Amino acid sequence: MCGIVGYTGMQEAAPILLEGLKRLEYRGYDSAGIAVINGNEISVRKVSGRIAKLCEITNDGAACPGKVGIGHTRWATHGAPTDINAHPHVSNDGKFAVVHNGIIENYLALREELINKGYHFESETDTEVVVQLLEMYYKGDLKSAVMRVSSRLQGSYALGVVCSDAPDEIVAIRESSPLIIGIGAGENYFASDITALVSYTKNVIYLEDGEFAQITPDTVMIYDLLGNPVSKKVQRVTWDVQAAEKGGYEHFMLKEIVEQPRAVEATIRPRIRDNRVVLEEEGLNAEFLRGIKRIYITACGSAYYAGCVGRYAIESLCRIPVSTELASEFRYGDPMVDSETLVIVLSQSGETADTIAAIKESKSKGAPVLAIVNVVGSSVAKLADFTLYTWAGPEIAVATTKGYTTQLALLYLFALYTAGELGRIDEKTYRHMLRSLRSLPQKIQESVDLNPLIENYADDYRDARSIFFIGRNSDYGAAMEGALKMKEISYIHAEAYAAGELKHGTIALIEEHQPVIALCCNDTVREKTMNNIIEVKARGADVLALAEKRDADIISIADRMLWLPEVEPVFAGAVEIIPLQLLAYYTAKARNCDIDKPKNLAKSVTVE
Ligand code: M6R
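Residues numbered from 1 in each chain as written. Predicted model: local features only at pLDDT ≥ 70, side-chain atom pairs only at ≥ 80, totals over all residues. Heavy atoms only, no water.

Draft legend 1. Layout of the pattern of salt bridges. What the rule picks out here adds up to 31 salt bridges. Notably, a salt bridge pairs Arg 152 with Glu 113, separated by 2.7 Å at the nearest N-O pair. One end of the pair, Arg 152, is in helix H5 (residues 142-152); the other, Glu 113, is in helix H3 (residues 107-116), with 39 residues separating them in the sequence. Using a relative accessible area of 25% as the deciding quantity, one classes Arg 152 as partly exposed. Across the pair Glu 250 and Lys 589 runs a salt bridge, and its minimum N-O distance is 3.1 Å. On the criterion of sequence distance, the pair formed by Glu 250 in the loop between helix H6 (241-245) and helix H7 (252-258) and Lys 589 in helix H20 (residues 573-590) is long-range, its members being 339 residues apart. Judged by relative accessible area, Glu 250 falls into the partly exposed class, the value being 47%. Salt bridges sharing common partners tie together Glu 19, Lys 22 and Arg 23. (Salt bridge = Lys/Arg side-chain N within 4 Å of Asp/Glu carboxyl O. Helix = DSSP H or I, 4+ residues; strand = E, 2+ residues; numbered from the N terminus. Buried < 20%, exposed > 50% of the residue type's maximum accessible area, 1.4 Å probe, protein only.)

Set out below in structure tokens:
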């Protein structure tokens, strides 16, 4: 996710903007820039790479004089992290500069329209359409131009706009992307994130969707999109910088768990149009898919487990055989892939060494590679033939959460898209599945809302020596990810077992009070898993079961229940993992573990 800041007042703007951008660094970024109004001109400096470089080329801001400006840290989405794609973007006539956080979903159509009208584009970004639209609609009044432009935009955006005709003014507008106005004395600010503001002012106004602010050094006016003034309360922030970075949460991991409904929404929404899943813009099409006879999914760690869960969705909707394999095994296993095998790799960072090696191995054998990846311009994205980005935003905690669920969301989209394109499901089922997919962010939210209940349960696990997670099919995939979450942050030994395997050996380990977490969310195997719960209960296990509300009878056999929202069984994996993330989180917290930076682990494993 990008970060934006703005300042208008009596001080030099550039040093304040640079300081604000530094406060946003923790969110992750790959380029940065500022635009400052100097007299009747806008001067722009932007670089790929670190803010330190931006400070260097601007002599800590001294080389960009002026008292009004906007700044940006970019986390690349549309277009690689280059100097040109960095924000701010400037209109063809040089009068406007814009910074943007979010995604303009209809930018391709707008870009074409503007090109036909003679505008030229320098960058590959979705944002640049905004600044050219401003030039097109500007008739001497910045506020009116911003309103016209916003009526043309679809998607999510927090925008900061400056215009050289209005040299002490900034307009900032919000739609589905956070935006905060900071109130000072004779100076005012805006930012996408409270962190950028708290060292300057603790008095803030939170904008709502569909509101925009006209900001000068002495006034802040808020309007709705029809231009009607809106009266807003100034609120006092009590957070210090550290608390603000984590959005008030104690750890990044918890913040990222809570962000999942939004991250999954951002991943799904732009890819559903006119009641269809649309992946053509990302290179896929029916003709290509018709040539695919089998699929391999390969990845590491949690990404591999996302593949284990997603496999069931692809097989059940598309009836194409899918194998999942750890990338570290795949790369040395002389895999039997060819031009009729689609290899799907999953990676949050896009830099995992074994995953990169798996891509190279597949390509050397002529297999097309589809990457599902979070970091734009990463090695995985560059090497793959097709790339679908998870719009999770930067993930800072070492234990992945929103990276994982957005990978699942994309596998589900891919499954439904492929099933539709290949005619493997009828129209009625397609529509039903699409509705279910659309409701996933809401279902995930309901699962996140179990938070207080799970916090209470965590005390029961803090002294456990080991915990077993059991489930079947996609529940088994989720069990593996749940066990990984538990072991990596709480350091409790945790293992997942396919429930049907218990009798083949593992049940020997079940004794009085052994904690077992049973996943019963997949309707098709629910009765079978219930039998396994009865078996472990008979040997004294303490069972926490996760099931949907409609499966009320499980309560009679488990010790405790977590009731999950009802969801189409093939998509249940994205909902049932949330309580397991929370349980791992609170157990680790009860054990005083370093949750965001667990021992011996790195966020990105770039070596073998
Ligand atoms: O960046 P990637 O998704 O390729 O990373 C893969 C694994 O290293 C990663 O999922 C790891 O298992 C996490 N620590 C799990 O929380």
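Draft legend 2. Representation of the site of the ligand. Residues in close proximity to the ligand total 14 residues, the closest being Ser 347, Gln 348, Ser 349, Thr 352 and Glu 488. Contacts to the ligand include Gln 348, whose backbone N or O atom sits 2.6 Å from an oxygen atom. Ser 349 places a polar side-chain atom, nitrogen or oxygen, 2.6 Å from an oxygen atom of the ligand. Burial of the ligand by the protein chains amounts to 90% of its free accessible area of 420 Å². Counting only elements with at least two residues in the shell around the ligand, the list comes to helix H10 (301-318) and helix H18 (474-490). Tallied by class, residues from the shell around the ligand come to 5 nonpolar, 7 polar and 2 charged. Shared between two domains, the shell around the ligand holds at least three residues of each, these being domain 2 (247-438) and domain 3 (447-594). (Near = heavy atom within 4 Å. Polar contact = N/O pair within 3.5 Å; in protein donor to acceptor, adjacent residues only side chain to side chain. Areas by Shrake-Rupley, 256 points an atom, 1.4 Å probe, with all protein chains shown as cover. Nonpolar A, V, L, I, M, F, W, Y, C, P; charged D, E, K, R; others polar. Domains from an automatic or database assignment.)

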